[in-house]
Amino acid sequence: SIQTILRRSGGGGRAAKTLRVAAVGDLHVGETTEHRYRDLFERVSDDADVLCLCGDLTNYGKTGEVDRLLEDLKLCRIPMVGVLGNHEHECGQPDHVTRMLCDAGVKMLGEGRAYEIEGVGFAGGKGFVGGFGRYMLSSFGEASIKRFVQEAVEDANLIENSIRMLRTERSVVL
């Protein structure tokens, strides 16, 4: 896990306040995972003010895997924001996985959604293999490549739009 400290301006002459942000991803919880992250999720509430769940939380996005994850995650007592990774898409039910996480109290980012917690904005979305900027795959050649690149551009635009929604001095992008 990674912990980042963000200082928010107090505004109006008030002292700056610190928001402690913890981030974790690539947990790859399986249906037989034996509460591997229970202690982590219980302790993070003592060390951070917000927990970012950065995708690939499960192996295949199966309901049983998400249930296992949520058994451990319920010990977390701080606000949580999250994004899905490609592993949560594997079983073809990313909307169901998102609902399960939302029902457990995770503010899910992506699809243009962003949240503000204690004056810090959180935005994000699933990563995509098309790349960004000058390293982005070119929409040239076969129709399949063009469709692939178009989906990557659409995903990047959703992330960009969610960032634009934020009106905070500090932002975190997952």
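From a predicted model like this one, the values you see are computed outputs, not experimental measurements.

**Q** Can you lay out the state of the cysteines for me, pointing to particular residues and giving the numbers?
**A** Two cysteines joined by a covalent bond between their sulfur atoms form a disulfide. Under the definition given, this model contains 0 disulfides. Cys54 supplies the cysteine sulfur nearest to Cys52, a cysteine that is in no disulfide, at a spacing of 5.6 Å. A relative accessible area of 1% places Cys52 in the buried class.

**Q** Can you explain the sheet that holds strand β6 (residues 114–117)? Please cite residues and give values.
**A** Spatial strand order, β6-β7-β8: 3 strands in an open sheet with mixed pairing. Pairing within the sheet leaves two strands with one partner each, and these edge strands are β6 and β8 (170–173). In this sheet, adjacent strand axes meet at a mean angle of 25° when their direction is disregarded. Sheet topology places β6 next to strand β7 (residues 120–123); 4 bridges connect them, and they run antiparallel. Bridged to Ala114 within β7 is Ala123.

Analysis parameters
- Residues numbered from 1 in each chain as written.
- Predicted model: local features only at pLDDT ≥ 70, side-chain atom pairs only at ≥ 80, totals over all residues.
- Heavy atoms only, no water.
- Disulfide = S-S within 2.5 Å.
- Buried < 20%, exposed > 50% of the residue type's maximum accessible area, 1.4 Å probe, protein only.
- Pairing = 2+ DSSP bridges.
- Helix = DSSP H or I, 4+ residues; strand = E, 2+ residues; numbered from the N terminus.
- Axes fitted to C-alpha atoms, helices over the stretch in contact; angles between N-to-C directions.

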